[in-house]
Amino acid sequence: MRLSNRQAAVRVAEWIGRILLVGVVGFWWGGHVGPQLFSLAFPSVLSPDSLLRQLDPELDEGFANTASAATLLIVALLAAANTAVGWRRGSGRVAVGGWFLLAALVAVIAVSEMSDTHNDAQADVLRNVFGVEGRPADWARIALMSPLLAVFSMAMWFFARRGLGASPARVPIVLGAGAWMLSVAYDATQHILLTGQDHVLGSIIEEMLEICGALLIGLGAAMSLRADAALRTGPHARYVRWRAPLIGSFVAVVGLGALAVVFTYRVLLIDVGATPDLHALDLRLFAQETVAQELRMPADAVGRIDLRLAQRDPDGGTGTAAVRIASPEHPERTLSVGSVEIPSGVRTHWRSIDLLPPLTEPEGRRLRVTVIADIDSDAELWVGVAKSNWYADGGFWINGEPAAPHQDLEFVAYGTAEPTRSKVRAIWESFTSGWRWPATLARMVVGLTLITFFPVVLVTAAWRRPSVSGDRRH
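About the cut-offs
- Residues numbered from 1 in each chain as written.
- Predicted model: local features only at pLDDT ≥ 70, side-chain atom pairs only at ≥ 80, totals over all residues.
- Heavy atoms only, no water.
- Phe/Tyr/Trp six-rings, centres within 6.5 Å; stacked < 30°, edge-to-face > 60°.
- Lys NZ or Arg CZ within 6 Å of the ring centre and 35° of its normal.
- Patch = residues over 30% accessible without salt bridge, like charges linked within 9 Å, V, L, I, M, F, W, Y side chains within 5 Å.
- Areas by Shrake-Rupley, 256 points an atom, 1.4 Å probe, with all protein chains shown as cover.
- Salt bridge = Lys/Arg side-chain N within 4 Å of Asp/Glu carboxyl O.
- Lys, Arg positive; Asp, Glu negative; His and termini not counted.
- Charge placed at Lys NZ, Arg CZ, Asp CG, Glu CD.
- Buried < 20%, exposed > 50% of the residue type's maximum accessible area, 1.4 Å probe, protein only.
- Helix = DSSP H or I, 4+ residues; strand = E, 2+ residues; numbered from the N terminus.
- Expected span 1.5 Å × (residues − 1).
- Arc of directions from axis to C-beta.
- Contact = heavy atoms within 4.5 Å.
- pLDDT = per-residue confidence, 0-100.
- 1 Å grid on protein atoms, 1.4 Å probe; cavity = no way out; pocket = protein on both sides within 12 Å on 5 of 7 lines; lining within 4 Å.
- Points joined across faces, edges and corners; volume = space filled by probe spheres on them.

A. A look at the packing of aromatic side chains. Tallied over the full model, the rule gives three aromatic pairs. Above the face of the Tyr 414 ring, Arg 304 is positioned so that its terminal group lies 4.4 Å from the ring centre. In this structure, Arg 312 is placed above the aromatic ring of Trp 382, and the distance from its NZ or CZ to the ring centre is 4.0 Å.

B. Seen up close, a negative patch on the surface. A grouping of Asp 315, Asp 374, Asp 376 and Asp 378 is seen on the molecular surface, where their side chains present a negatively charged patch. Using a relative accessible area of 42% as the deciding quantity, one classes Asp 374 as partly exposed.

C. Representation of a nonpolar patch on the surface in the model. Together, Ile 247, Phe 250, Val 251 and Val 254 give the surface a local cluster of nonpolar side chains, amounting to about 370 Å² of exposed area. Checked against the element boundaries, Phe 250 lands in helix α8 (residues 243–264).

D. Focus on α8. With 22 residues, α8 should cover 32 Å at 1.5 Å per step; its first-to-last C-alpha distance of 31 Å lies within 8% of that length. Those residues of α8 lying buried are Pro 245, Ser 249 and Val 253. Taken end-on, α8 shows its buried residues confined to a sector of 60 degrees, consistent with a single buried face. Opposite the buried face of α8, at more than 90 degrees from it, the exposed residues are Ala 244, Ile 247 and Val 251.

E. Region of the structure containing helix α9 (residues 421–431). Within α9, the full set of buried residues consists of Lys 423, Ala 426, Ile 427 and Phe 431. Down the axis of α9, the buried side of the element spans an arc of 125 degrees, and every buried residue falls inside it. More than 90 degrees from the buried face of α9, the exposed residues found are Arg 421 and Trp 428.

F. Here's a closer look at the environment of Leu 73. Checked against the element boundaries, Leu 73 lands in helix α2 (residues 63–89). Assessed through its relative accessible area of 34%, Leu 73 is described here as partly exposed. For the pair Leu 73 and Ala 214, spaced 141 residues apart in the sequence, the C-alpha separation amounts to 9.8 Å. The residues contacting Leu 73, other than those within four sequence positions of it, are Ala 110 and Met 114.

G. Looking closely at unusual backbone geometry. In this chain, Leu 356 is followed by Pro 357 through a cis amide linkage whose omega measures -10 degrees. With respect to the helices, strands and loops of the structure, Pro 357 is situated in strand β8 (residues 349–359). Backbone geometry at Gln 288 places phi at a positive 70 degrees, although glycine is not the residue there. With respect to the helices and strands, Gln 288 occurs in the loop between β3 (280–285) and β4 (290–296). For Asn 399, which is not a glycine, the phi torsion comes out positive at approximately 55 degrees. With respect to the helices, strands and loops of the structure, Asn 399 is situated in the loop between β11 (396–398) and β12 (401–402). Given a relative accessible area of 38%, Asn 399 falls into the partly exposed group.

H. Spatial organisation of the confidence of the model for the chain. Mean pLDDT for the chain: 77, with 77% of residues reaching 70 or above. Note that pLDDT drops below 50 for residues 231–237; the model gives that stretch twelve contacts with residues more than four away or on any other chain. Low pLDDT (under 50) marks residues 466–474, which in the prediction has 21 contacts with non-local residues, meaning those over four places away or in another chain.

I. Looking closely at empty space enclosed by the protein. Per the counting criterion, the structure on display carries one cavity of 30 Å³ or more. If you add up the space inside the largest cavity, you get close to 40 Å³. The wall of the largest cavity is formed by Ile 270, Leu 295, Pro 298, Val 302, Ile 305, Ile 325, Leu 359, Phe 411 and Ala 413. Contributing elements (two or more residues each) for the lining of the largest cavity: β5 (302–312) and β14 (411–414).

J. Structural detail: the pattern of salt bridges. Counting across every chain of the model gives seven salt bridges. Asp 282 serves as the salt-bridge partner of Arg 308, at 2.7 Å between the closest nitrogen and oxygen. Residue Arg 308 is found in strand β5, and its partner Asp 282 is found in strand β3; the two are separated by 26 residues along the sequence. According to the relative accessible area criterion, Arg 308 is buried, its value standing at 12%. With relative accessibility at 29%, the residue Asp 282 sits in the partly exposed group. Close ionic contact of Arg 365 with Glu 361 constitutes a salt bridge, the shortest N to O distance being 2.2 Å. Three or more residues are tied together by salt bridges with common partners; here these are Asp 282, Arg 308 and Glu 410.

What follows is the structure in structure tokens.
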């Protein structure tokens, strides 16, 4: 049976939409989420500095930021088209008003994404309304977002119940609105619950929830238009399944997360890194100059040391910070070594250095960690230093000379990645030491489950065959 021109146009538009939808999901997961997660788990294999900056949505005027704004504009146009169609067909004030609200909201977010004014605008509101900024603004941000989320959720519930009814667009619209609300919740609470590298994971989850929410709303808008265009071609609709993907995503995240904790999690052994800016400085080293920190061997083996480093090269080259560990009694005998390559940059960042072999000396033994600036003659290596004697168990030397009193190398020592009984015990003690660790773990599990679940729903919905409208099992 030959298709009419209208049917053929609808089919072509459907295929183009499917390809674009899967392409956007693949771009975000393959270009941003996947590499970021891999870099967090294995920083020595894929350094955060080697990731493409243009694929970071936090970068103003970057490719990912532009792609996100373009996606939001398309979704806004789809929602606006549903507003016009609903008005023409007399679908009712609730349906027309709901689509108009989504179109306007998505358009505003798209404009703010292109201009990147949303963070500045939020800071201005917190400063003018609550009179706070910095750390006190974290709780004010929650107080500001809570009523807005409540109003948005009530509007979407009313729109889904009264405006969409049994429409196949109802499920993706509800899921998309839920993803957006969770994205705002993550943004409002990550400064309170997350610390250190967890902020990177929180940013990944927030950005993925935002783009997936937009794509789900766009999918729902496209399905609504498709249902309107197919009224004369048969009673077929495409319903979105979500229960099986949700259960599968949760099981996969919990299973893989448990393996990751057992085989990649490193127990924190010594922390001389959580120093406020007021108590830290950057020490400048030239080629082959050194700093050395004395420490006491902890109870468990040391497999990694993190240092706050930067390398400044006028030619833009890459330098190396080398680490050598020996005992003060036998300085000629090297116990462990490691190194990290550092591209030229201005600000210091935490760098992870794996030790080979891991340190397995007796507990309490005095050791000396030496950092060597393996850089070009006209370059500089900047090393983070604590000024308030945060590590009182050892001395500190600069180029072999004792440094000023109450100074220490700013470093964090971690255990090995291999699973051991002491490591499992330390993990358990960490997660039972207070409310923050369990809250952070639950937040991470939920976030990782959702950024797996939503892409799976989108991809399966894009390629699922239409079913008879009476079959609404999802």
